[in-house]
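Residue strings, one per chain:
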Amino acid sequence: MTPDAPDDDAAAPAGPAREILQRGLYYDELEVGARYLHRPGRTATEADNVLFSSVTMNTQALHLDAAFSETQPFGQRLMNSMWTLATMVGASVSQITQGTLVAQLGLTDVSFPAPLFHGDTLYTETEVLDKRLSASRPGQGIVTLRHTGRNQRGDVVAVATRTALMWCAPETPEETR
């Protein structure tokens, strides 16, 4: 064998390549008290605000009218709070609920303690508050999550408690949903 020739044993795979399906966490994998930091953050843009407000038919001048907003207490347009809420929950999907959520059951205790502006970056974290197996749906559990959104300075800009129906882990690793 020459120095430039590939090593036949090293080049040939031992068997089929392992496939890994990206997913969230099953009910069984979630721990009460665990806190998940979702990254990357999402920088809010003027385009996000105008598009979201328009698509949802929210004509609030505080989101769309720069001249009017300059005369108001914050002195500039505010990001639509529903964009903030949707983006905060959305940031958690790939890490927690992708493919393991049966249904979102509700949102409560939603608050926006500080404004989010164009150019701010929203960072989200999720804490598992509670979980219990479903009494009426075998193989599923109910999980209570608290999502907290912070801007780049660490100011809390949104908080929401979310209840979700989640799949329990399959009996065998080969099973898929």
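Residues numbered from 1 in each chain as written. Predicted model: local features only at pLDDT ≥ 70, side-chain atom pairs only at ≥ 80, totals over all residues. Heavy atoms only, no water.

J.: Please set out the overall build of the protein chain residue by residue, giving values where relevant.
T.: Check the secondary structure of the protein chain and you find 5 helices and 5 strands. From first element to last, N terminus to C terminus, the protein chain shows the α and β order α-β-α-α-α-α-β-β-β-β. Within the protein chain, buried positions represent 33% of all 177 residues. The contacts of the protein chain with a sequence gap of at least 6 include a subset with a gap of at least 24, amounting to 70%. With an accessible surface of roughly 10700 Å², the protein chain has 53% of that area assigned to carbon and sulfur atoms. (Helix = DSSP H or I, 4+ residues; strand = E, 2+ residues; numbered from the N terminus. Buried < 20%, exposed > 50% of the residue type's maximum accessible area, 1.4 Å probe, protein only. Contact = heavy atoms within 4.5 Å. Areas by Shrake-Rupley, 256 points an atom, 1.4 Å probe, with all protein chains shown as cover.)

J.: Please set out the pattern of salt bridges residue by residue, giving values where relevant.
T.: Across all of its chains, the model carries 8 salt bridges by this definition. Taking the shortest distance from any N to any O, the salt bridge between Arg153 and Asp120 comes out at 3.9 Å. Placement of the pair is Arg153 in the loop between strand 4 (140-150) and strand 5 (156-167) and Asp120 in the loop between strand 2 (101-111) and strand 3 (121-133), with a sequence separation of 33 residues. By relative accessible area, Arg153 is classed as exposed at 52%. Put simply, Arg146 and Glu127 hold a salt bridge, and the shortest N to O gap is 3.0 Å. With Arg146 in strand 4 and Glu127 in strand 3, this pair connects stretches of sequence that are 19 residues apart. Each of the salt bridges in this network shares a partner with another, and the network as a whole consists of Arg35, Glu125 and Arg150. (Salt bridge = Lys/Arg side-chain N within 4 Å of Asp/Glu carboxyl O.)

J.: I'd love a proper account of the packing of aromatic side chains, names of residues and values included.
T.: In the structure shown here, the tally under the stated rule is 1 aromatic pair. Ring centres of Phe74 and Phe117 lie 6.2 Å apart, and the angle between their planes is 65 degrees; on these two criteria the pair is classed as edge-to-face. Of the two residues, Phe74 sits in the loop between helix 4 (66-70) and helix 5 (81-97) while Phe117 sits in the loop between strand 2 and strand 3, which places them 43 residues apart along the sequence. Residue classification places Phe117 among the buried residues on the basis of a relative accessible area of 13%. The residue whose ring lies beneath Lys131 is Tyr27, and the NZ or CZ to ring-centre distance is 4.4 Å. (Phe/Tyr/Trp six-rings, centres within 6.5 Å; stacked < 30°, edge-to-face > 60°. Lys NZ or Arg CZ within 6 Å of the ring centre and 35° of its normal.)

J.: Break down helix 2 (residues 46-55) for me, citing the residues and quoting the values.
T.: Buried residues of helix 2: Asp48, Asn49 and Ser53, and no others. All buried residues of helix 2 lie within an arc of 115 degrees about the axis, which places them on one face of the element. When the buried face of helix 2 is taken as reference, the exposed residues oriented beyond 90 degrees from it are Ala47, Leu51 and Val55. The inward-facing, buried residues of helix 2 contact strand 1 (35-43), helix 3 (61-64) and helix 5. In the stretch just after helix 2, Met57 is the one whose phi turns positive, near 60 degrees. (Arc of directions from axis to C-beta.)

J.: Explain a nonpolar patch on the surface to me, using residue names and the numbers behind them.
T.: On the surface, a cluster of nonpolar side chains totalling about 300 Å² of accessible area is made up of Met82, Leu107, Val110 and Phe112. As for its placement among the helices and strands, Val110 is situated in strand 2. (Patch = residues over 30% accessible without salt bridge, like charges linked within 9 Å, V, L, I, M, F, W, Y side chains within 5 Å.)

J.: Please set out helix 5 residue by residue, giving values where relevant.
T.: Between its terminal C-alpha atoms helix 5 stretches 22 Å, which fits the 24 Å expected from 17 residues at 1.5 Å a residue. All of the buried residues along helix 5 are Trp83, Thr84, Leu85, Thr87, Met88, Val89, Ser92, Ile96 and Thr97. Check the buried side of helix 5 and you find it contacts strand 1, helix 2, strand 2, strand 3, strand 4 and strand 5. Between the side-chain oxygen of the N-cap and the backbone nitrogen of Met82 there are 2.9 Å, and the N-cap of helix 5 in question is Asn80. (Expected span 1.5 Å × (residues − 1). Polar contact = N/O pair within 3.5 Å; in protein donor to acceptor, adjacent residues only side chain to side chain.)

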